[in-house]
Amino acid sequence: MHNQYGLELSVSNYLIGAVTAICGIFGNVFASFLMDYLINTRLLDPRYVGISLSVLFSLLALPFAFISVFMDVISAFLVLMFCCEFLMLCTVTPVNSTFLTCVPPEIRGHSMAIATLMIHLFGDLSSPYIFGAISDRTNNQRYSLFFMSCWLIWTVIFWGLGWIFIRRVLVKEKNATR
């Protein structure tokens, strides 16, 4: 935002931080209420709900991520980025719930530890370096940001595969109880 929109670096940092904090709080609360509703009112399996919401929110976030990159007006960029971050941070509760309900209770701590390690390893640990390398080579931060937004496609693909897998597990469990 500093280079693209001419904002002071401190203002850019503040805006990104504020958007992330607000989206994180409200995204988690919204997803928690939605999960509770689907599990308790619709009587759906928590594993299915968690993976389904992860796929849905990630898929909905993709267009906002892609379009925001090409905005020339800071307000349009911030609105689209807010929508993208809100939707992506709506996945935190379903993701954590899924990791906790897909394993036996005695290894839930290990499940969360491994999940947290992988999320940071493939997400926020490497992304600044990748963004910087692409930006340095292309001298185009929009291209770099667009490439980083494309990384969300992997999220949708892997959660989609998880959704297919959990549906098969639930069918097998249902058939086994007959």
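For clarity, every value in this text was computed on a predicted model and none was experimentally measured.

Novice: Tell me what's going on with the packing of aromatic side chains, and back it up with residues and numbers.
Specialist: Evaluation of the coordinates by the stated rule reveals 8 aromatic pairs. A connected cluster of aromatic rings, assembled from ring pairs, spans Phe 30, Phe 57 and Phe 86.

Novice: Can you break down a nonpolar patch on the surface residue by residue, with the values?
Specialist: On the surface, Trp 151, Ile 153, Trp 154, Ile 157, Phe 158, Leu 161 and Ile 164 cluster together into a nonpolar patch covering about 690 Å² of accessible area. The residue Leu 161 is located in helix 9 (residues 152-176) in this model.

Novice: Explain the environment of Ile 153 to me, using residue names and the numbers behind them.
Specialist: Position of Ile 153 among the secondary structure elements: in helix 9. Separated by 95 residues in sequence, Ile 153 and Ser 58 have C-alpha atoms that sit 8.4 Å apart. Ile 153 has contacts with Leu 62 and Phe 66, leaving out every residue within four places of it along the chain.

Reading guide: rules and limits
- Residues numbered from 1 in each chain as written.
- Predicted model: local features only at pLDDT ≥ 70, side-chain atom pairs only at ≥ 80, totals over all residues.
- Heavy atoms only, no water.
- Phe/Tyr/Trp six-rings, centres within 6.5 Å; stacked < 30°, edge-to-face > 60°.
- Patch = residues over 30% accessible without salt bridge, like charges linked within 9 Å, V, L, I, M, F, W, Y side chains within 5 Å.
- Areas by Shrake-Rupley, 256 points an atom, 1.4 Å probe, with all protein chains shown as cover.
- Salt bridge = Lys/Arg side-chain N within 4 Å of Asp/Glu carboxyl O.
- Helix = DSSP H or I, 4+ residues; strand = E, 2+ residues; numbered from the N terminus.
- Contact = heavy atoms within 4.5 Å.

From the geometry alone we can't say anything about function, so treat these as descriptive.
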